[in-house]
Amino acid sequence: MLTRLKQQPLGTLLIVSFLLLAQLCTAQTKVVKGYIKDALSDERIPFASIQFIKSSGGKLSDSAGNFIFRFSDWPGDTLLVSYVGYKDYKVFIGGDFLKRAVGNEIEIVIGLDRGKLTSEAIVRKKIDRGLLMWKRIVKRKKFNDRYRFDNFAYELYNKLELDLNRINKDKMKQMGLLKPFGFILDNVDSTEAAPFLPVFLTETISDYFYQKSPYRTKEIIKGSKTQGVNNESASKLLGGTDQNVNVYANFIPVFDKQFVSPLSDNGDAYYNYKVLDSQFVNNRRLIHMTFQPKRKGENTFEGDCWVHDTTWAVQKMNLFLSKEANINFVEKLSMIQEYRLIDDSTWFLTKDKFVVDIAPIGKTRFGVIGRKTTTYKDVVVNQSFIADSVKQNKVLNEIIITNGASELADEFWKNQRHEDLNKNEKAVYLMIDTLQKMPLFKKYTRMINFIGTGYLPVGNYEIGPWQNWIFSNVVEGLRLRWDLGTNRHFNKNLILHGYLAYGFKDQKFKYQVDGMYLFNKNPRSYIFAKYSKDMDYGQHYMDEVSQDNIFALAIRKKNVPIKFLFTEEATVSLFKEWTPGLSVKLTGTQFKYNPLMNLPPKDIYTASNTLNTFETTLRLRFAYNEKFLENTFYRYSLGSEFPIAELRITKGTKGIFKSNYNYYKLFANVSDYLKIAPYGSLYYNVFAGKTTGTLPFMMLDVAPGNEIYYYNKYAYNLMNRWEYLHDRYAGFNLEHNIGNGLFRFIPLTRKLKFRQFWTLKGLWGSLSESNKQFNTSPDYKFQSLDGKTYMEVGTGVDNIFKVFRMDFIWRLAPRPLPAERNKRFGAFFSFRLAF
């Protein structure tokens, strides 16, 4: 017993000594840790090589991109980080870098930039492991593509952030106009190599349902947070229905282009594949494969993927825009998809990220970064309740926004978000809220909108467009015009507009008043009325330049006199959309015409003062699954995946409102915009019409001509206005935008990103003998094709300086007279803004 008592202090001493020694050793340990990520997308990079150059010691980052090193003393060595497809990253662990240490620990986040490509010689091998890998993946696509299921559903969380990047915080604070907004620049994130300022954030959370056959989708948006943007159609577009990317598909959409997927059935014709290594993650072997374009200038990606070696399913896909891709304003672009197992053998998409760096004025200057992150959870497949849900669809792709979805409290988002907001994202909401309360910000917003759109809101009203304020022609001389209209603050269902113009030469006022009352937005129905007394400045087409503004004066064709027709018009229209896609429009219109110059005078037709007619028109339009972007009153078509058909029936009735003419008109057309990847896109329009009765020229069909050097997509550009007259006609309009085409084979044009296209337009027409005689004038002679064909073909260069297009047009038939050499060939320009 005595011996045990004597030994106890000794044991205690040993234990205490051991603990002190361990503490001393721990105190001496130096730690360098962190993670590796993609500098653009912020996605972590797994299994990157991390090596110290002098000591040659190193390791790989783990499956989440993390790493950690422990030293007895700071190494004084350079850490080299490398990964296939990325530029090497070097950092010296010593010197000033040690000032970042917190105690004995340094934490570092390493962002790798894309850019390092291998330049290995291509060696013929008996077995190409990369090609073999690709073949296995393609063979198993039908078992791994999520669209193989009869149906599926999931909860979807979508987040879109916009950042201003490459900004100089100090210089911007000194700019006079921005000084009142200096607090915004406090949100600049300077932790990256290129500082950026988060300025916009939107979130949606929804339930998404998909059915394979018959094809149907439904999205129920449960929450939508778009601070600063109150637009239901925009909220629908920011959901998941229109943003699905499938890496197993043959083509992947990038803005308005179609890029060849590395997992395309024909991918081996566009890509070189290479197997690098394999790693075990969660006891599953994943194989790492990279791919690079075979040729420069094609719409292809570069990148890598991790593939499960048992199912040959993609576990993670990284797609990056190749430097030679023919796409505008995009400096960098990355698309990342991650998949996870939802049962023992089924991999399903769990995360989808799209990041783009847009540099509109150069890669070293101010730009915008867009970041879209989508996550998926609660995935279920082949369940009967999904079929029951989509069976109730009113349209093919139905999007429903629940009541109050845009007014949910912060507590809802805190509980329902799939991932928490970071510091920058939280600051965006606070910044937007602050800006919206600043009168100066509202003033700047109005002025920018005025310059861009032409319209300036003033309380419940708006003035503009400013482009039409000043004009000049030989009849009116200097013409001034002033527009005034109401906006959504005046009334959410009623919009009114009018203008007053005055010509200083003819000393006459011209004017127009119009209004629309919107009964319902979905399905759409409204009534529209207009009364005007003004010059007819010719055919107007959507997205084309009209001829009654200051810019048209400088680009008129030489020796082509302007035709002047004074028109008084009273119109009432009723529009009803019966089902989405099918609409009916009934219109009653009275016209009074008075030809003023360079057209047959009215006295050859009638002894009365005016050429007067009243007509009713029934228009039927069918555009299946057409999508729109809407504001309070108007909507703008985003097109349809299917052809759009239109039928118009018009009846002119003598005696109503002193009308002088009886006639019928019939018109029909079908148009479509097709993406024919990898060969670009094709637009076509086929039309035909007939008019019965003996009528003055303005009531017949006047073939659409163009009298300015700005290219008109919808007109015959080597034909003048009022040149050809018909009462029976048919025609077509084709435009094939090829992309870079032959230009990709020439280094200079490939670098300039020129694009190739061709156009073909044709017209057949005839004019009855009675209408020829009725419209005969000694001062003006109309022409008719009399059953012959008018045809013009064109080609040219698109995407000049990324905004201009040059069209070179040849008239094939009928052959112009020797004195009409300017009608054989013409060069036209236009402005095109597209990715």
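Residues numbered from 1 in each chain as written. Predicted model: local features only at pLDDT ≥ 70, side-chain atom pairs only at ≥ 80, totals over all residues. Heavy atoms only, no water.

### Quick word on the sheet that holds strand β1 (residues 30-38)
Across the sheet, which stays open at both edges, the three strands sit in the order β4-β1-β7 with mixed pairing between neighbours. Two strands bound the open sheet, and with one partner strand each, they are β4 (66-71) and β7 (105-112). Neighbour-to-neighbour, the strand axes of this sheet turn through a mean angle of 20°, independent of strand direction. In terms of strand pairing, β1 meets β4 through six bridges, oriented antiparallel. Within the sheet, the bridge partner assigned to V32 lies in β4 and is F69. (Pairing = 2+ DSSP bridges. Helix = DSSP H or I, 4+ residues; strand = E, 2+ residues; numbered from the N terminus. Axes fitted to C-alpha atoms, helices over the stretch in contact; angles between N-to-C directions.)

### Brief notes about empty space enclosed by the protein
Any empty space left between the atoms is revealed when a probe the size of a water molecule rolls over them. Overall, the coordinates contain four cavities of 30 Å³ or more when judged by the stated rule. In this structure, the second largest cavity spans a volume of roughly 70 Å³. Lining the second largest cavity are D38, S41, E43, R44, I45, P46, Y83, Y86, K316, N318, F320 and I336. Top contributing element to the lining of the second largest cavity by residue count: strand β16 (residues 314-321), with three residues. Of the residues that constitute the lining of the second largest cavity, the class distribution is six nonpolar, two polar and four charged. (1 Å grid on protein atoms, 1.4 Å probe; cavity = no way out; pocket = protein on both sides within 12 Å on 5 of 7 lines; lining within 4 Å. Points joined across faces, edges and corners; volume = space filled by probe spheres on them. Nonpolar A, V, L, I, M, F, W, Y, C, P; charged D, E, K, R; others polar.)

### Notes on the environment of R295
Looking at the element boundaries, R295 is found in the loop between β14 (284-293) and β15 (301-308). Under the relative-accessibility criterion, R295 is labelled partly exposed at 36%. Separated by 23 residues in the primary sequence, R295 and N272 place their C-alpha atoms 9.7 Å from one another. If sequence neighbours within four positions are ignored, R295 has contacts with A269 and Y270. For R295, the side chain forms a polar contact with the main-chain oxygen of A269, separated by 2.7 Å. A polar side-chain atom of R295 sits 3.1 Å from a polar atom in the side chain of E298. (Buried < 20%, exposed > 50% of the residue type's maximum accessible area, 1.4 Å probe, protein only. Contact = heavy atoms within 4.5 Å. Polar contact = N/O pair within 3.5 Å; in protein donor to acceptor, adjacent residues only side chain to side chain.)

### Structural notes on a nonpolar patch on the surface
A surface patch of nonpolar side chains, amounting to about 820 Å² of accessible area, comprises Y517, F519, I527, V572, L574, L586, L618, L620, I649 and L666. For the nonpolar patch, the elements supplying multiple residues, two or more each, are β26 (508-521), β28 (564-579) and β30 (611-623). (Patch = residues over 30% accessible without salt bridge, like charges linked within 9 Å, V, L, I, M, F, W, Y side chains within 5 Å. Areas by Shrake-Rupley, 256 points an atom, 1.4 Å probe, with all protein chains shown as cover. Salt bridge = Lys/Arg side-chain N within 4 Å of Asp/Glu carboxyl O.)

### Thoughts on the pairing of β1
Within a regular strand, the side chains alternate between the two sheet faces. β1 sits mainly inside the fold: seven of its nine residues count as buried. In the sheet, β1 pairs with β7 via eight bridges, with the strands oriented parallel. Bridge pairing links G34 to I108 in β7.

### Quick word on helix α9 (residues 439-453)
In this model α9 runs 21 Å from its N-terminal to its C-terminal C-alpha over 15 residues, within 8% of the 21 Å that 1.5 Å per residue would give. Just past α9, the residue G454 takes up positive phi, approximately 95°. (Expected span 1.5 Å × (residues − 1).)

### Topic: unusual backbone geometry
Cis peptide bonds are those with omega within 30 degrees of zero, and the linkage from G464 to P465 qualifies with 15°. Along the chain, P465 turns up in the loop between β22 (461-463) and β23 (470-473). With omega at 5°, the peptide bond leading from A677 into P678 counts as cis. Secondary-structure assignment places P678 in the loop between β34 (663-675) and β35 (681-692). One non-glycine residue, F255, adopts positive backbone phi at about 55°. Topologically, F255 is positioned in the loop between β11 (251-254) and β12 (257-260). Of note, Q507 is a non-glycine position whose phi angle comes to about 55°, a positive value. Secondary-structure assignment places Q507 in the loop between β25 (494-503) and β26. Of the residues examined, Q507 reaches a relative accessible area of 57% and is grouped as exposed.

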